[in-house]
Amino acid sequence: HIAGVSLGGNALLKWLGESGTDACKWVASASAICAPHELKAGAIALESGFNQRVYMRSFLSTLKHKALAKIAQFPDLPITTEQIHTARNFFHVDEYFTAPLHGFKNAEDYWQKASCKQYMQDIAVPTLILNTANDPIVPKHSLARADEVSGAVQLCYVENGGHVGFITGRTAGEVGREMAHFGWMPERVLDFFAAPNPYHR
């Protein structure tokens, strides 16, 4: 069994779709938790307001450090330290660093080709996809619809939970109907992994 969280969930869903039935040789079931289904939509969501001031600032601090370390390690890369230092959002990071480092034309090319939504109809492994409507990083409108995924995929979209939080109150008594207590998300995933499934090998 395998679970992917956030961007790791996007990578997992993309791999499952690309691999099709071959993935069933290695994976019995899978789950993607708060994964972005369209990378561009997530990048745009992080460009303004609270997201820009808090989330983006935190992400950039980590990403810039890693990018500068990579440039120091491989000085021949088609990336300059000035580009990294002046990056202000995911477009800049993906345009100046992610895309050239991994062979994409630009940020738009990376976002389009690396987004998992287009591969979900080919997923053969039983897969649970968990997302929340109030995720500040993964916009609700960008999530895959039931007609955009295969029969092996179970979509579980709840109203509250933020980004990988799945908590709506300070105490268990204040948590929303979808989540009876703080352990709802891990228990939901583990129950899915444990349940008999007609798609299992």
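Residues numbered from 1 in each chain as written. Predicted model: local features only at pLDDT ≥ 70, side-chain atom pairs only at ≥ 80, totals over all residues. Heavy atoms only, no water.

(A) How the structure looks around the pattern of salt bridges. Evaluation of the coordinates by the stated rule reveals 7 salt bridges. With a shortest N-O distance of 3.6 Å, Asp22 and Lys25 are connected by a salt bridge. By relative accessible area, Asp22 is classed as partly exposed at 39%. Among the ionic pairs, Lys117 bridges to Glu38, the shortest N-O distance being 2.7 Å. Here Lys117 is found in the loop between α6 (107–114) and β3 (127–132), whereas its partner Glu38 is found in the loop between β2 (30–33) and α2 (39–45), with 79 residues between them in sequence. Under the relative-accessibility criterion, Lys117 is labelled buried at 15%. Classification of Glu38 as partly exposed rests on a relative accessible area of 30%. A single network of salt bridges, built from pairs that share partners, joins Arg145, Asp147 and Glu148. (Salt bridge = Lys/Arg side-chain N within 4 Å of Asp/Glu carboxyl O. Buried < 20%, exposed > 50% of the residue type's maximum accessible area, 1.4 Å probe, protein only. Helix = DSSP H or I, 4+ residues; strand = E, 2+ residues; numbered from the N terminus.)

(B) Focus on helix α7 (residues 184–194). Listed as buried for α7 are Trp184, Met185, Val189, Phe192 and Phe193. Looking at the buried positions of α7, the neighbouring elements they touch are β1 (2–5), β2, β3 and β4 (153–158). (Contact = heavy atoms within 4.5 Å.)

(C) Layout of the pairing of β3. Burial analysis of β3 places 6 of its 6 residues in the buried class, the great majority of the element. Side chains Thr127, Ile129 and Asn131 project from β3 onto one buried face, and the interleaved Leu128, Leu130 and Thr132 project onto a second face that is buried too. Alignment of β2 against β3, held across 4 bridges, turns out to be parallel. What sits directly across from Ala32, in β3, is Ile129. As paired elements, β3 and β4 share 6 bridges and run parallel to each other. Looking across to β4, one finds that Leu128 is bridged to Gln154. (Pairing = 2+ DSSP bridges.)

(D) Region of the structure containing the nonpolar core. If you look at the biggest cluster of nonpolar residues, it comprises 18 residues, and the most contacted ones within it are Leu13, Leu16, Ala30, Met120, Ile123 and Val125. Where this core is concerned, the elements lending two or more residues are α1 (7–19) and β2. Ignoring sequence-local partners within four residues, the contact set of Leu13 consists of Ala32, Ala35, Cys116, Tyr119, Met120, Ile123, Thr127 and Ile129. Formed by 15 residues, the second largest nonpolar core is a distinct cluster that contains Leu39, Val93, Trp111 and Leu143. (Core = buried A, V, L, I, M, F, W, Y, C linked by side-chain atoms within 4.5 Å.)

(E) Broad picture of the side chain of Asn89. Within the element layout of this structure, Asn89 appears in the loop between α4 (81–85) and α5 (90–101). For Asn89, a relative accessible area of 14% gives the class buried. At 3.1 Å, the side chain of Asn89 forms a polar contact with the backbone nitrogen of Phe91. Discounting chain neighbours no more than four positions away, the residues touching Asn89 are Glu47, Met56 and Leu60. (Polar contact = N/O pair within 3.5 Å; in protein donor to acceptor, adjacent residues only side chain to side chain.)

That's the geometry; what it means functionally is another story.
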